[in-house]
Amino acid sequence: MAFQLYSTDDGHVPAWEYLPCKAITPKVGLCLAFDTVSEQLQVSDIPEYICMRAESVAVSAGTLIPVIRVTKEIVFESALDAANTNLKEGSLVDVDATGLLIDADSSTDKVFQITALNGTAAGSIVRGRFVK
C-alpha cells in the first residue's frame, strides 16, 4: 500500500507536475519533498508531493517524474505499518521511513491527521489529510 488519492473537498482532480528527482526508485504513492541543496525531490516523511510514477529500478538524478502537490483539501488513503490500539479519528500520526505507510507509533512529526480508520492492526486502512 502507499498514499493514494481518496477524495478532494470540491471534487477536482489534482494536476500533475513534472519535477526533477534524486536517484530514487519511484513508486506511485511515495511521499516526496524537495531537498533544498540539490533542488531535487527525495523520499520524505514530511511530504510536499506524492509520486505518480512507478519504476522497478532507480532513475537517474534529475529525471522528471510526475507528482501531485499535497494540499489540505486532499484526503489520502494508506495503511498502518504496525499495530497501535490508541489510534482514533483525529489522531495526528507520522509517515514511516519508507514514505509509503502511516507510522503507527506517531512519535515525531505528526503530519497526517486521521479522518477514518478501519482498524488498528498492522495493514489497516487509514484515511486522512496532511496538516503540515
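Residues numbered from 1 in each chain as written. Predicted model: local features only at pLDDT ≥ 70, side-chain atom pairs only at ≥ 80, totals over all residues. Heavy atoms only, no water.

Peer 1: I'd love a proper account of the sheet that holds strand E3 (residues 31–35), names of residues and values included.
Peer 2: Hydrogen bonds between backbone groups are what pair the strands of a sheet, and the pairing can be parallel or antiparallel. Strand order across the open sheet formed by five strands is E2-E6-E5-E3-E4, with antiparallel pairing between neighbours. The open sheet has two edge strands, strand E2 (16–20) and strand E4 (40–43), and neither has a second partner. Here the strands of the sheet are splayed against their neighbours by 50° on average, with no regard to which way each runs. Summarising the sheet, E2 and strand E6 (residues 64–69) pair through five bridges and their orientation is antiparallel. Pairing of Leu 19 across the sheet is with Ile 65, part of E6. (Pairing = 2+ DSSP bridges. Helix = DSSP H or I, 4+ residues; strand = E, 2+ residues; numbered from the N terminus. Axes fitted to C-alpha atoms, helices over the stretch in contact; angles between N-to-C directions.)

Peer 1: Run through the packing of aromatic side chains, naming residues and quoting values.
Peer 2: For the coordinates displayed, the defined rule picks out five aromatic pairs. With a centroid separation of 5.3 Å and 45° between ring planes, the pair formed by Phe 3 and Phe 130 is classed as tilted. You can see Phe 3 sitting in the segment before strand E1 (4–8) and its partner Phe 130 sitting in strand E11 (residues 125–130), a full 127 residues away along the chain. Taken as a pair, Phe 3 and Phe 130 share a single burial class, namely buried. With 6.0 Å between their ring centres and 85° between their planes, Phe 34 and Tyr 49 make a pair best called edge-to-face. With a gap of 15 residues between them, Phe 34 in strand E3 and Tyr 49 in strand E5 (residues 49–51) connect regions that are remote in the sequence. On the accessibility criterion, Phe 34 (29% relative accessible area) is partly exposed. Residue classification places Tyr 49 among the buried positions, given a relative accessible area of 7%. Each residue in the set Phe 3, Phe 76, Phe 112 and Phe 130 is aromatic and connected to the rest through ring pairs, giving one cluster. (Phe/Tyr/Trp six-rings, centres within 6.5 Å; stacked < 30°, edge-to-face > 60°. Buried < 20%, exposed > 50% of the residue type's maximum accessible area, 1.4 Å probe, protein only.)

Peer 1: A description of unusual backbone geometry should follow, citing residues and the corresponding values.
Peer 2: Even without being glycine, Glu 39 reaches a positive phi, approximately 55°. Along the chain, Glu 39 falls in the loop between E3 and E4. For Glu 39, a relative accessible area of 57% gives the class exposed. One non-glycine residue with positive phi stands out, namely Lys 110, at about 50°.

Peer 1: Can you tell me about the pairing of E4, naming the residues and giving the values?
Peer 2: As paired elements, E3 and E4 share four bridges and run antiparallel to each other. By the bridge assignment for E4, Phe 34 is matched with Leu 41. Between the end of E3 and the start of E4, which pair antiparallel, lie four residues, with Glu 39 showing a positive phi angle near 55°.

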